[in-house]
Structure formats: C-alpha cells, structure tokens
Amino acid sequence: MNNAPTIRDAVQARLAKRHRAEMRFQFYGLAAISAAVLFLAVLLGSIIIQSIPAFTAHRLVLDVEIRPEIADPRGDGSEASLRRGSYNTLIQNSLRDQFPEAGSVGELRELFGLYSAVNAARLLNEVVNNPEVLGETLPFSLPISDDADLYLKGLTTDEEFLPGAAPLTLEPGMDDALTLRSQTGAPVFDVFLDLVQARQDAALDQARIRAERTAARAAEELDTDTRNSLEAEAQRARDLVQALQEARSDTGPVRLNSQTASLMLRAQGGVLRINALARDGLSAEGTWLVGPDTASQTAQDWSLWVIETPSIARRITDRQIVWARTLKERGLIKNGLNTTLFTNADSREPELAGVAGALAGSILTMVITMLLAVPIGVGAAIYLEEFAPKNRLTDFIEVNINNLAAVPSIVFGLLGLAVFINLFGFPRSAPLVGGMVLALMTLPTVIISARAALKAVPPSIREAALGVGASRTQAVFHHVLPLAMPGILTGSIIGLAQALGETAPLLMIGMVAFIADPPTLGLSGFTEPATVMPVQIYIWSSSAERAFEARTAAAILALLTLLVSFNAVAIYLRRRFERRW
Amino acid sequence: MQSSLFAVLALLVLTAVGFLIGRRRAVAAGSGRASRLHSLPNYYGYYLALWTGLPAFVLLALYGLFGASLVNTLALGELEREAAPLIREYEAQLARDDQYQALAEETQQIEAEALSARNEMFRAEREGGDAERYLRALGALTAQRNEIAAERQVRRDQVASSVAARAPRTIPGVRARAGFEYWRAPSERRELFIADARALAFNEGLASRNTEEIRAAALALRPWEDLFRWSAAGVALALSVAGLAYARTRIRASFRARDRVEGVVGLALMMTSAIAILTTLGIVFSLLFESIRFFASIDWRIHEFLFGLHWSPQIAIRADQVGQSGAFGAVPLFAGTALITLIAMLVAAPIGLMAAIYLSEYASPRLRAWAKPALEILAGVPTVVYGFFALLTVGPFLRQFAMMLGYEDAVTQSALSAGLVMGVMIIPFVSSLSDDVINAVPQTLRDGSYAMGATKSETVRHVVFPAALPGIVGALLLAVSRAVGETMIVVMAAGQGANLTANPLESVTTITVQIVMLLTGDQEFDSPKTLSAFALGLVLFVMTLILNIIALRVVQRFRERYE
Amino acid sequence: MTLDFPIDNPPTRYHPLTTQLPIKVATEDVSVRYGGKLALEDVTLEIPDRAVTACIGPSGCGKSTFLRCVNRMNDTIDTARVSGSIRIDSEEVNGRDVDPVVLRARVGMVFQKPNPFPKSIYENVAYGPRIHGLAETKAELDHIVETSLIKAGLWAEVADRLHHPGTSLSGGQQQRLVIARAIAVNPEVILMDEPCSALDPIATARIEELIDEMRENYSLIIVTHSMAQAARVSQMTAFFHLGKLVEYGPTEEIFTNPLDQRTQDYITGRFG
C-alpha cells in the first residue's frame, strides 16, 4: 500500500505547470477588471477632454450707438415703435466702424457672419426696457459665432507666425493690390514657398499611390461594373497626378487659392492678404484686409502669418480669421466663462445653445415620475409582501414584474405613444406623458427594491404588533413600513436616477423636438412641449456644427453630475439608516 | 379652469367636514366613551371622508382624462354636420373634374406597374436575376407617383377652396367652412386645428394660426366645454353630499368602521399591484393592435415581413398601399441586431464573467472596495453617453485603425463600434448577475475541492463554474435580451443602412434603430410606415420576453437548488 | 459548574502512551487566531499512524480548528493566523516552502455535510487523480475510481450508475462518495470533521464500520460530537476545552480513567 512517495512525486512533477495555470487564470481575472476600469477611465476621460472647450466662450463687446432713427422708426418712443426697430443694423454699424475696409456685399456678409443676428433680440429687449438709452452709446456683449470661437481657441485652424527677414517696399499696383518687394534681395518669402512645395509634393505622392492602388484593384476585380468604376477612379487619380506635376514645373508666380494654405502679412499695424508670390521668394502681391496706420512705402518691422489649414477645409474665411484676431488684439473680444451654456435653452446657433431648457424639462418629467412610481411601487410592494395570498394570481403578478424589469425601454415608449397619446389624446412632447412612461418603466425597480426592504424587516416586528391587537394594516403602516423606509427610499432614488438617464422611450413620444423656450417650472409646464437632458445630448450629438461636440460633452458632464448626486444621496441614506437585524 | 378648481376645493372641504362629522357621530354613538365603539373614532371619520370624497374625485379624474376629447368630438362633430352640404358639393365636383380623374387614372396605372415591377424583383431575387434594376425602376415609379400625388393634392385644394368660397360670410357659413376644413384635414392637421381652437377658446397656450374658421371652431367648443365642466362639477358635488348623507346613517357603536376603511386601503394596494399587469396588457394589446393594422395594410403577407430581404419603407408606392411594394422585409434588421448582439456578448461575456470570478474568489477586500463601485458607475452611465462615446471616440478610432490595416471602405458608424461599446455597457450587468450566482455556490463545495489539493483556479473551473453554470447561462440570456433591446448606442453609432452583411466594419441597422427612425420626425400615424414600427416593437417584445422568461426560470431553478 | 479545579492555565495531561504504533503527525505549540481572537492555544500532541484519533470536546472548543491546521485549510480564511509547528513524518507542514497543494494531496479531508461536486459519481472520485495527474490512461483512472469506491464500500451500490450525478445519492451514500473521493489520491492522513453529524443512525453505523476498516491503511483524525462514537471507533482520544488540549491518551484510558476533572465532567455528561 505504501506507494505514497510515488504519488508525491507525481503531484510534484505537475506542480509548476499547475501553478503557472493558476497565475494565468488570475491574470485573466485581473485583466478583465482592469479592462472594465480602463473603459470607464477612457469613457470619462474622453468626455472630459472633449468638453473643455465648451466651458469658455469668446464674447465680443461692442459700443453700440442706439441711433433713434433706426431703433425707433416711428419716432414716438412707444414700445410698439421700439419693437419695430432694426437692432441688428445697429450692431452691424458698430462692427463696420471697426473695419471700414470691408465694403462689398460679400465682405460685409463675412463680417456679420462673426456673430448671430439672433443676438439683436436681446438688444431690443434692453432698449424696450430702458427707452431712455435712445441716442446713447451702449456697451453690448454678445457671443461670437461658434466657428470664430473655435478658431480663437486654436481648435480648427493650424497657423504659424514668422518674423519678417528683411525690410520690404510696398508699391501700389492694380486696383487695391500692392506689390511687396524684398529691399535687400533676400528671399523673404521662401519659408512659405517651401511649405507650399512640401504640400504639393505630399499631394502628388498621395495621388500616385492612389492611382496605382485603384489600378491594381481594378485589374483584380471580376465584376464588370465595379471594375469600370475602379478604372474611372484610377484615371481620375492619374489626371490629378498630371495636373500636379504640371503645377510643379510651372515657373510663373504661385497663386494662392482655397486649396492652398493662406498667407497674411502684418505690417504698419494692418494685415495684408498675399494673393500671389514670385517663385524666387523675392516679391509678392497682396491686398489690405485691415488697413495700415501709416501710408509709408517701406515696412521695416513686419511678420508673416501662415494659416496652414486651407480655407476649403475650414468653416471660417481668411477675412473672418483676420478680423477675429484683430478684434481680439483690440481687446473687443474676450475669452470668459461660458455662462450661456447653463442659462439658455436650445438654439440652432451653438454659441447661444444651453441646457437650461432641457434641465427644466428633466425636472418636470422627474416630478411626474416620482409622484407616480414611488407611491404605486411602494403600494404594490406592500400588497405583494404583506397582504397578497399566495396563489396563482400573485405568482403571475410576480413573474410579470420581474419580466417588466427586463423589457427594453423603447417598448415602454411605444406603449406611451399608442396608449397615452393616441388613445387618451394627451399632448405630445409633454413632460406629463414622458413622466408617465418613465414611471411605468421605473415601477418594477421600485417594487423589487421596496419588497426587498420589507422582507428585511424581521417577522418578529409584525408578530409583536399583531400580538398587542393591532390589525394587519396597522402593523404594516405603523411598524413595518417606517422600518423599511430607508431601503425603499434608496431603491426609489436609484430607480429615478435610471429614469433620469433614459432616452429611447422619450423619443417615441416626441420629446425630441427642438425647444427654444424652456418650459415654465409650474403647473402649466407639465403639458408644454419640452425635452430632457439625455434627449438634448442626443439632439446635439447629431448636429453638424463642430462646436456642438464640446457642448454635448459638457451636457453629458452636467447629466453625470446629476446622476452622481442622486446616487450619492442614495448611498448616504443607506449608510445613515442601514440596520442589520 | 377656475370652476374645476372651485369644485376640487369644495370637495376637499366636504371631505374634511365628512371626517369631522364621522368622528363626532361615533363619539356620540359610543356616548362619549371610545371603548364602547368597535373602532377608534378616527376610523369613523375616515369612513365618512372616503364616502364623501372618493366617488366624487374619481368622477373628476375621469372628466380630466376624457372630458377634453369628448368636448372636441362633440363640438367638431357638430361643425362637420353643418359642413355636410359643402362636403357633398366638394365630392361631386371632384368626381366631375376631368383633370383630377385623369390624375387618378394615372396613379392607378403607375401602381399597377409598380406591382408588376415588385413581383419581377422578387422573381429576380429568387432566380438570381438583376433585382437591382427593378429596385431602381421602383424608385423611379415612386418618384413619379409622388409627383402625381402632389398634383392631385393641389387640384383637391383648388376644388376645396372654390367650394369653400361659395359658403356665405355669415356665421353659419363660417361654421360650415370650419367643419369642412376639419373634415378635409389629415389626422395630424386635425390635432393642430383642435389645439389652435382650444388655444383661442380657453387660453391654453398660443395658437399657431388665427383664422375665421378657427375662431368659429373655438366658439363652437365653448358651450360644450361649459356644459361638461359645470355638470361634472355639479354631479361631483351631488355625489359627495349623497355619499356623506348615506354613510352618516350607518354609523353606530357596533359598526366596524376600521374593517371598512382597511378594506378600502387593501383594495387600493391591490390596484397598485394590478398596474404591473395592466402595463403588460397595455404593451401586448397596443403592440398587437397596431401590428394587426400593419399586417392588414400589407395584405397579411406576414411571411414577407418576417423573411423578406429588403427593408426600405421609404420607397412606398402609395401612402395606403406601401406594403405592396415589398419594402418591409425585416431580415436585414434581425441580422443587424444579431451581429451587434454577438459582438457585444463577445466583449461582455468573457470580461464580465472573469471580473465576477476575480472579484468573488481572488480580490482583496481593498480591491473589491474600488472595483465594485467602478463597475456600478459603468452600469449607471446613461446609454446616450455610451452612444456619444461610440460615435465620436470609438467609431473614428476603429475607422482609422481599419484604414491603417489597409481596409479602405471603413466607415465611422459600424456594427463593430456599436457592438464594442454595447459590450462595455453590458459588462457590469453580466458581472453583477454572475457575482450573485457565484456567491450562491455553497462554500462547502469550494472547501471540498481545496481539501483535495486543488488550486484556486482548478476549483473555480472544475467545481464553482459547473455548479454556477445554470445561473450564469441565465445571466447571459438576460444580457442578450438587454443587448437586443438597447436603443441609443445603435441609433447613434451603428448607422442606418439596412445592409444584409456579416462584415462588422460595415454599417448595419437594428430593430430598435428602425423603430426610432420610423417614429421620430414627421409622421402620419396611420401610414403603414409608422405602423410597421409597432410590428417591429412586437417582434422585439416577443423576443425579449422569451429570453427573459427562460432566463428568469433558469436562475430561479438554480437558486432553489442551493437554498 | 466546573470550578473545582485550578483556573490558572493547567498544563495538558498526557496518559502514558500504550500504543506501539509509530507516530504520523506531531504538533507542537500550535495556536490559531481568527482576527484578534485566540481560537486554539498551544496544542502539542502526537498522532499515531494506522489508527483513529478522535478529537472531542464541547462546541467551540477548537477541535475543528485544530483539524483544519493539519491540511492548512485555515489558509483559505483571510483572517486566520496559525503559529507553532506541525510535522507529518517529521516534515514541517507550516513551512514557507511547503505547497498546500502537495500537502492536501497527502492529507485528505471529509466534511460535516456531504459535499459531492455537481458532477457524476465517476467524475467526483476521478477529480483528485485528474487534477494531480495520477493516471496516465483512461484504464488507470477507471481502476483508481473502482478501487476507491470499493474501499469506501460504495461500489456495489453505484457500479451500474457511475455517470449519474453525485447529488442523486442518499446522504450516507454521498458521505461515502466523499470518502472515496478523498482516498482516490491515496493520502497518508485523512481528516474527518464530524462526518456523521448530518446522517441517520443506520448510515452512521455504516460510516463507522468504514472508518474502522480504513484504520488498516491510514492515519485518521476524526472530530466528533458523540462520545459514544469516539469510544467505538478511536484508539486515541484528545479532549479539547476552550481552545486548549486538556487531556490526550488512549481512548480506553480517557473514558475509564481520566486524569483531569474537566474530562471527567465532560464524559459523564455534566457539561457539553
């Protein structure tokens, strides 16, 4: 019987392998946890980083002269007359005063594109409220357009400032154009030419590769239609290569257009846009975008301003860039905290959009959800836990509740649409209906957690109450329910937090509408069209404007803060009143 | 508004009075000594208050729910009746109008062509012909049909306005015109018409238009509204007083007031739990009802809906006959849902499971104190946030990555990015359910294995895991049900193209995405396009219901085994 | 009730060892703390090979804790701290270089409640040999399973349903299956923690018979609540009280001629 040593040897022999397997397994487990935590970190981190630009905004402060003939067309100073005034014209005039060079209609359109005309409504209200300002000059602050804002934050456009190498002469030429010439004969523009050259080379390489690749794919393709389209594409790429090569070998002046980088030149306190450069880098041709202080023919102190992103790839024009930067340098545009984000409701203009409307909608919706889900849920839990006879029907209700907890939320939205809106005729998009739908969705969570809390109260409490002659109802309402209350509250808050973050069912009942006015925080607000925070996030995230990206992330942070505080209250309640029997 | 407020206040006062009278009478009945009474005096008060307040409040609630729509129906029905001559005239003129009839014939012809094109398309699909060509032809026909429909609409409007112009500018004439406008309006315009009329009549918000007709409708609404409002208030007060009087006569010392009151409380509690059943019934019936309407509109070709390969509800041939175009083949949606669910489960199942195992078997209390809340936060993040993350971070990243590997047709909205992010969302769900299940495996089994000299991982793999398997399967099924029903991530990140593909780098569409697409934006409620969303909802509900029931059963069996 | 002896930590009393059997397990000053609580204090005793040693004593006296020290099952409890020395065949058990996996392959254990794994009868018995790699071929494994079941006296009852789940057996059969599972890796020492407390009298008798047979091949340590069982099956008995070993000696001596007043009181049923 004593083969013990051999068994020990056998065990020992496999030991190292088994321990390696153990380490591997443990590593997988740790890797899984780390992966989950990492996902969370990346999720939160990316949202925080994306949201940063939304918390500040550039505002333009203009001295606006409230000229009576424009603000008060009838001239009687009455409210009706003031309301017919053209306040946008006042703002436009004030902005034109800054840049008298902008003359043509196109240029003016670009200039006025620096802000949204919607801002004039605020000026109107200011004047209507204080008619005595007529004829005076008011400082008026307005957020600049999202594109200019993003530009000034350095998010959309790459640019570079290079000091001028040698003095220049400025000779007036055709129309408004000037010819700029290096005084010393040093090639002062060659830095920029190199950049243009490098760009062209890169484009050429890319086009070549593309031509080869598509040609190769076309050769392999069996389907005729696809092959033809691939061949056409290859041909287009070859044409492009041809054109680019021709452009390279061209010896004439380099013309700048929307496909190339833009070049500005700052001299004599003004800004010139360069339209063409000689290949030798000695001279260039340009026009004033912002006029100079002096009319001197030479410029000693000047610098190059290279806007590397071609104008076709940005949503802001060269002129707007120059104006925005000039306004900033003149101290008229300042960067500050973006309060608009928290005080305004939704708007089509990103710089005027805020979450206040959605927040009000969320509050109204949650009030309805709370008023319905908590009492009904607790009532159902009390009935099922304390009163219900154990029979088929009760079992069926139980299965029902457990199943409802796992029904996709969008199905509740369909229910709300079919029953509340189409059958009962409740208003669409209203917090009332949204709250009802979310209440039905939250109900199972509340019931399940309330039942768990009731179950945790030991039977001895009930028996004690019944023992002194209380009725069942009295025992439950006087003794069991108060003891279960903290647990019930915790579960309810968690259920409400879930409802607060829910989107899909609300899309079904039309809470996805564009709402420019926040709903009133009162009785009538429940039936007015509204939207809620998560839906606002959804709407913004599907907007094309890039500025909405950061605002969406900021709105998400606001929503997450709300959710975290909800859960913190729940955790506090649990800790504070937790009781073990 | 004021009259209902007055009624509510009066009822509240009456109820309070009822309570006081009840108490007083009870004390009197017990000749001043509470011990002679069956119940405490307060219960007699509650009893009376219930009789006074409850029926009246129920009546008022019913009025609040249905009053407005009843008034609308009655008032506008009245106007429609007055518009009868105009309606007859309008129909007669349309029937006589050559231009209109020619357009109608053309429409029929196009529909016939579309029908044959559709049949051809199916044939080509079956026999491997050029189905695309017919699809394009269908598209062209649709465009043509829409054009003609627009022309017909214009003609109808012309006829209608000439008919309406003939109505005199007197009050009855305007009323008839109002009824006529309402009669002609499609359902969503009718809603707007009523909303505007109510806005003018009762200052409920701002009217979007203010025309003669709407003013007439507003005037027609007022008397009905007044009638109902005052009669509701009157009946409620009468009920209240009658209840008070009746209940008052019943109070004597031996009367079991507490039992009665508690009976009502019990009944109320029972009704709250019945809401769970009502919700389920509401879901089932509303989905079934609208789905049946949808199936009727596609001539009961349910098999085409369930097994058709083309999903393009936009190429409808005629608003009331879209189904005939064969545009409702839901297989691409089912396939897309399956693909994304598969990807999500491939992420969530291993990570969630391993995380649960590590947390329950290996982790130190300190790690647990950190990791568990992290997982809970992951579970608490709203799905719309995951959608944003998928759309703006994961999608572009995957696209770049695929292009780097030489896959050129990569798109930002792909099944992969939606699936991956959905997987992350489900990790905490899987891990917390599996954690419960693993903790329910009795410690004695682990001890038995350790005592045999098994390592921890051997114990987990050979003893704990097999023991927990049924529960884990249940948890995974619940996770699948959740992935199938998840909406926002796929709406934002999976794209909308109804591609029938297994390539995770392409964009696909799912059941939930299509429900959202069909029901958001402009919609007419009765079009098959909109109704098809409910049919999809029904499929989704049935699918998740089956998964949930199996999963809940399996988990319950598992728990019973180890209890 | 038991205050007629000195309170101040009297030493353990050892009967002169009458057995001729060699020593298998020797412990010296073994103490166990759970958290800050002392559960076992300075236990020193020598357990013979090929014999049954019973540990008796009132609930919470530390006898199960002592048992779990021998195969280091206390390692699986985070808060447990073991000190002192335990040697099996003069090899230290608590040494840093001793792998509990190897140790537990040498020391089998049977628990209070039968705990067959949720697998077939065959797989339950084959579990140990499989994880330790004791069988090269299927035939070898079959052989190990069969002999283990035969030794556990279960073969006749389950031979025709080896692939039924282990949980389908009756309580007594389950406990014998667990014993078969333990002896399948051919351990040197088998620990039994109240193996019969969850069983009916007939099943108990069957297990006791089995323990008596197993004495031929193993060193058995059994914790029991029943003094009658200790008297029936064991050759040596250790009496624990309040975390201390009070008295240790041949079973007959302990039951007929206890040296310590507390032992006397316990076996005569004056407390327990």
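Residues numbered from 1 in each chain as written. Chains lettered and ligands numbered in written order. Predicted model: local features only at pLDDT ≥ 70, side-chain atom pairs only at ≥ 80, totals over all residues. Heavy atoms only, no water.

Let's talk about the overall build of chain C
1) Next: Of regular secondary structure, chain C possesses 10 helices and 11 strands.
2) Next: In terms of C-alpha radius of gyration, chain C reaches 19 Å, essentially the compact-globule figure of 19 Å for 272 residues.
3) Next: Each principal axis of the C-alpha distribution contributes one length, and for chain C these read about 60 × 45 × 35 Å.
4) Next: Within chain C, contacts between residues at least 6 apart in sequence are counted, and of these 69% link residues at least 24 apart.
5) Next: On chain C, roughly 11,300 Å² of surface is accessible, and the fraction owed to carbon and sulfur atoms is 51%.
6) Next: Charge centroids of chain C, computed over 27 positive and 36 negative side chains, lie 5 Å from each other. (Helix = DSSP H or I, 4+ residues; strand = E, 2+ residues; numbered from the N terminus. Rg over C-alpha atoms; globule rule 2.2 N^0.38 Å. Contact = heavy atoms within 4.5 Å. Areas by Shrake-Rupley, 256 points an atom, 1.4 Å probe, with all protein chains shown as cover. Lys, Arg positive; Asp, Glu negative; His and termini not counted. Charge placed at Lys NZ, Arg CZ, Asp CG, Glu CD.)

Side note on the overall build of chain A
1) Next: For chain A, the count of helices and strands is 20 helices and 12 strands.
2) Next: Relative to the 2.2 N^0.38 estimate, which gives 25 Å for 581 residues, the radius of gyration of chain A is 35 Å and therefore markedly larger than a compact globule would have.
3) Next: Each of the three principal axes of chain A carries a C-alpha extent, and together these read 110 × 100 × 50 Å.
4) Next: Within chain A, the fraction of its 581 residues that count as buried is 49%.
5) Next: Sequence-distant contacts in chain A: of pairs separated by 6 or more residues, those separated by 24 or more amount to 74%.
6) Next: Total accessible area on chain A is roughly 26,900 Å²; 57% of this is exposed by carbon and sulfur atoms.
7) Next: Taking the average place of the 51 positive charges on the side chains of chain A and the average place of its 59 negative ones, the gap between the two points comes to 12 Å. (Buried < 20%, exposed > 50% of the residue type's maximum accessible area, 1.4 Å probe, protein only.)

Concerning the pairing of strand 3 (residues 37–48) of chain C
1) Next: Judged from the 8 bridges that link them, strand 2 (residues 23–34) of chain C and strand 3 of chain C form a sheet pairing that is antiparallel. Each bridged residue has a counterpart across the sheet, and for Ala26 of chain C the counterpart in strand 3 of chain C is Glu46 of chain C. (Pairing = 2+ DSSP bridges.)

Re the pattern of salt bridges
1) Next: By the definition in use, this model includes 46 salt bridges over all chains.
2) Next: A salt bridge links Glu188 of chain C to Arg106 of chain C, with the nearest nitrogen and oxygen atoms 3.0 Å apart. You can see Glu188 of chain C sitting in the loop between helix 6 (171–183) and strand 8 (189–193) and its partner Arg106 of chain C sitting in helix 2 (residues 100–106), a full 82 residues away along the chain. An identical accessibility class is assigned to Glu188 of chain C and Arg106 of chain C; each is buried.
3) Next: Put simply, Arg8 of chain A together with Lys24, Asp89, Glu91, Arg106 and Glu188 of chain C are held in one network by salt bridges that share partners. (Salt bridge = Lys/Arg side-chain N within 4 Å of Asp/Glu carboxyl O.)

Considerations on the domain arrangement of chain A
1) Next: The domain boundaries assigned to chain A delineate domain 1 (64–138), domain 2 (160–313) and domain 3 (350–577).
2) Next: Centre-to-centre, using C-alpha coordinates, domain 1 of chain A lies 48 Å away from domain 3 of chain A. (Domains from an automatic or database assignment.)

Some details on the interface of chain B and chain C
1) Next: Every contact between the two is made by 18 residues of chain B and, on the other side, 22 residues of chain C.
2) Next: Both faces combined, the contact of chain B with chain C buries some 1,600 Å², and carbon together with sulfur accounts for 67% of it.
3) Next: Scanning the region where chain B abuts chain C turns up 0 salt bridges.
4) Next: Our count for the chain B to chain C interface comes out at 4 residue pairs in polar contact (both at pLDDT 80 or more).
5) Next: Elements supplying a minimum of two residues to the side of chain B that touches chain C: helix 15 (443–451) and helix 16 (456–485) of chain B.
6) Next: Considering each element in turn, the side of chain B that touches chain C owes the most residues, 7 residues, to helix 15 of chain B.
7) Next: Considered class by class, the residues forming the side of chain B that touches chain C number 9 nonpolar, 7 polar and 2 charged. (Buried area = accessible area lost by both parts, 1.4 Å probe. Polar contact = N/O pair within 3.5 Å; in protein donor to acceptor, adjacent residues only side chain to side chain. Nonpolar A, V, L, I, M, F, W, Y, C, P; charged D, E, K, R; others polar.)

Section: the side chain of Arg104 of chain C
1) Next: In this fold, Arg104 of chain C is placed in helix 2.
2) Next: Apart from the residues lying within four places of it in its own chain, the contact partners of Arg104 of chain C are Tyr450, Ala451, Met452 and Gly453 of chain B together with Asn71, Arg72, Met73, Asp75 and Thr76 of chain C.

Here we look at helix 10 (residues 318–329) of chain A
All names here are of chain A.
1) Next: When the terminal C-alpha atoms of helix 10 are compared, their 17 Å separation across 12 residues agrees well with the 16 Å that a helix rising 1.5 Å per residue should span.
2) Next: The buried fraction of helix 10 is high, at 10 of 12 residues.
3) Next: A positive backbone phi angle near 80° is found at Gly331, which sits one or two residues after helix 10. (Expected span 1.5 Å × (residues − 1).)

Some thoughts on the interface of chain B and chain A
1) Next: Listed per partner, the contact involves 80 residues of chain B and 76 residues of chain A.
2) Next: Of the roughly 6,600 Å² buried where chain B meets chain A, counting both sides, 75% is carbon and sulfur surface.
3) Next: Run the count over chain B and chain A and you get 14 residue pairs in polar contact (both at pLDDT 80 or more).
4) Next: Broken down by element, the residue count for the side of chain B that touches chain A peaks at 18 residues, all from helix 9 (residues 257–297) of chain B.
5) Next: Class assignment for the residues of the side of chain B that touches chain A results in 51 nonpolar, 21 polar and 8 charged.

Describing the nonpolar core
1) Next: Counting residues in each nonpolar core, the largest one holds 188 residues, and the members touching the most others are Phe305, Tyr386, Ile515 and Leu536 of chain B.
2) Next: Take this core: its biggest share by element is 18 residues, from helix 11 (residues 331–362) of chain B.
3) Next: Ignoring sequence-local partners within four residues, the contact set of Phe305 of chain B consists of Phe294, Phe295, Ile298, Trp311, Phe328, Gly329, Ala330, Ala535, Leu536 and Val539 of chain B.
4) Next: In this structure, Ala102, Ala148, Ala324 and Leu327 of chain A belong to the second largest nonpolar core, which totals 45 residues. (Core = buried A, V, L, I, M, F, W, Y, C linked by side-chain atoms within 4.5 Å.)

Here we look at the packing of aromatic side chains
Residues and elements named next belong to chain B.
1) Next: For the structure shown, the criterion picks out 30 aromatic pairs over all chains.
2) Next: Taking the centre distance of 5.9 Å and the plane angle of 85° together, the rings of Tyr90 and Trp183 count as edge-to-face. Here the residue Tyr90 occupies a position in helix 3 (residues 84–96), and Trp183 occupies one in helix 6 (residues 171–184), the gap between them amounting to 93 residues.
3) Next: Residue classification places Tyr90 among the buried positions, given a relative accessible area of 5%.
4) Next: Members of the aromatic cluster, joined through ring pairs, are Phe294, Phe295, Phe305, Trp311 and Phe328. (Phe/Tyr/Trp six-rings, centres within 6.5 Å; stacked < 30°, edge-to-face > 60°.)

Brief notes about a nonpolar patch on the surface
All names here are of chain B.
1) Next: There is a patch of nonpolar side chains on the surface, built from Leu54, Val58, Leu62, Leu65, Phe66 and Val264 and spanning about 460 Å² of accessible area.
2) Next: With 5 residues, helix 2 (residues 41–82) is the largest single contributor of residues to the nonpolar patch.
3) Next: Along the polypeptide, Leu54 turns up in helix 2.
4) Next: Under the relative-accessibility criterion, Leu54 is labelled partly exposed at 44%. (Patch = residues over 30% accessible without salt bridge, like charges linked within 9 Å, V, L, I, M, F, W, Y side chains within 5 Å.)

Brief notes about the environment of Asp435 of chain B
All names here are of chain B.
1) Next: Topologically, Asp435 is positioned in helix 14 (residues 415–440).
2) Next: Judged by its relative accessible area of 6%, Asp435 falls in the buried class.
3) Next: For the pair Asp435 and Ile472, spaced 37 residues apart in sequence, the C-alpha separation works out to 9.1 Å.
4) Next: The residues touching Asp435, leaving out its near neighbours within four places in the chain, are Ala356, Ser360 and Lys372.

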